[in-house]
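These are the residues of each chain, in order.
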Amino acid sequence: MLENLNNLERRVFRTYWEDGLLDVMAAVGVLIIGLFWLRDLPVAAAIVPALMVPIWSPLRQKLIEPRLGLVEFGDQRTSRNARNLRWVMYGGIATLVLFLELYFLRDSLTLPGTTFIAGLPAMLLGVLAVLTAALIGSPRFLGYAAILVVAALAGAVRGWTPGLILTVSGGAMLVIASTTLVRFLLRNPADPGPLD
């Protein structure tokens, strides 16, 4: 019986992130960061994650939980999630340090006719998408990472700015994420609650 409960919890955890809301939040975040870069305000882009994180929970409560209910994971899953989140944070910090080093070495990384440094912000977000995919077990985030990396490389070759690369990436991600969320909402109507 315990094995059946563990299997059920594993399946619930895998499907917990399949509604597309986190995808939309990530895509909107990338898009807003790109728009800040386009307006020559890259420092302001640092506030985007701080704004997106507190918005996610109320949106989930309003859009997702009335359709699927509230999920509470067991202690073992909760501690595993916390441990995995720590490793993702360490990976994110290590990636940030690596990309800062690459930024400071940018003159030696610039090839004639291209400025690969312009793709670094999108590459960094691509690595974070891979880490998110590993954390929540969603292969869609690997697809978002691919979008970011391809846009970073193609945009750098074409001479795009970091803002344009991020805006194009975020727009492409938002199309996929919105489709996922809308499909979820249509397939899972909200529970009207008890009838009087």
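Structural data are supplied above this passage.
Residues numbered from 1 in each chain as written. Predicted model: local features only at pLDDT ≥ 70, side-chain atom pairs only at ≥ 80, totals over all residues. Heavy atoms only, no water.

A.B. asks: Would you mind showing me how to read the environment of Met25 here?
C.D. replies: Tracing the chain through its elements places Met25 in helix H2 (residues 21-38). The exposure class of Met25 is buried, given its relative accessible area of 8%. Taking C-alpha positions, Met25 is 9.7 Å from Ser178, a pair spaced 153 residues apart along the chain. With sequence-adjacent residues up to four places away left out, Met25 is seen in contact with Met52, Ile55, Trp56 and Leu59. (Helix = DSSP H or I, 4+ residues; strand = E, 2+ residues; numbered from the N terminus. Buried < 20%, exposed > 50% of the residue type's maximum accessible area, 1.4 Å probe, protein only. Contact = heavy atoms within 4.5 Å.)

A.B. asks: Quick question: what am I supposed to make of the environment of Ile165 here?
C.D. replies: Along the polypeptide, Ile165 turns up in helix H8 (residues 162-187). When the C-alpha atoms of Ile165 and Gly119 are compared, they prove to be 7.0 Å apart, with 46 residues separating the residues in sequence. Residues contacting Ile165, with those up to four places away along its chain left out, are Ala118, Gly119, Ala122, Ala151, Ala152, Gly155, Ala156 and Trp160.

A.B. asks: Sorry, what's going on with the side chain of Thr167 here?
C.D. replies: Inspection of the secondary structure assignment puts Thr167 in helix H8. In this structure Thr167 touches Leu31, Gly34, Leu35 and Leu38, once residues within four positions along its chain are discounted.

A.B. asks: I tried to follow the pattern of salt bridges on my own but got confused; where do I start?
C.D. replies: Counted under the stated rule, the structure contains 3 salt bridges. Across the pair Glu18 and Arg140 runs a salt bridge, and its minimum N-O distance is 2.7 Å. Pair noted here: Glu18 is in the loop between helix H1 (2-16) and H2 and Arg140 is in helix H7 (residues 140-158), with a separation of 122 residues, a long-range link. Ionic pairing is found between Arg60 and Asp19, a salt bridge with its closest N-O pair at 2.7 Å. Of this pair, Arg60 sits in helix H3 (residues 47-68) while Asp19 sits in the loop between H1 and H2; the two residues are 41 residues apart in sequence, bridging distant segments of the chain. Residues Arg60 and Asp19 agree in their burial class; the two are buried. A single network of salt bridges, built from pairs that share partners, joins Glu18, Asp23 and Arg140. (Salt bridge = Lys/Arg side-chain N within 4 Å of Asp/Glu carboxyl O.)

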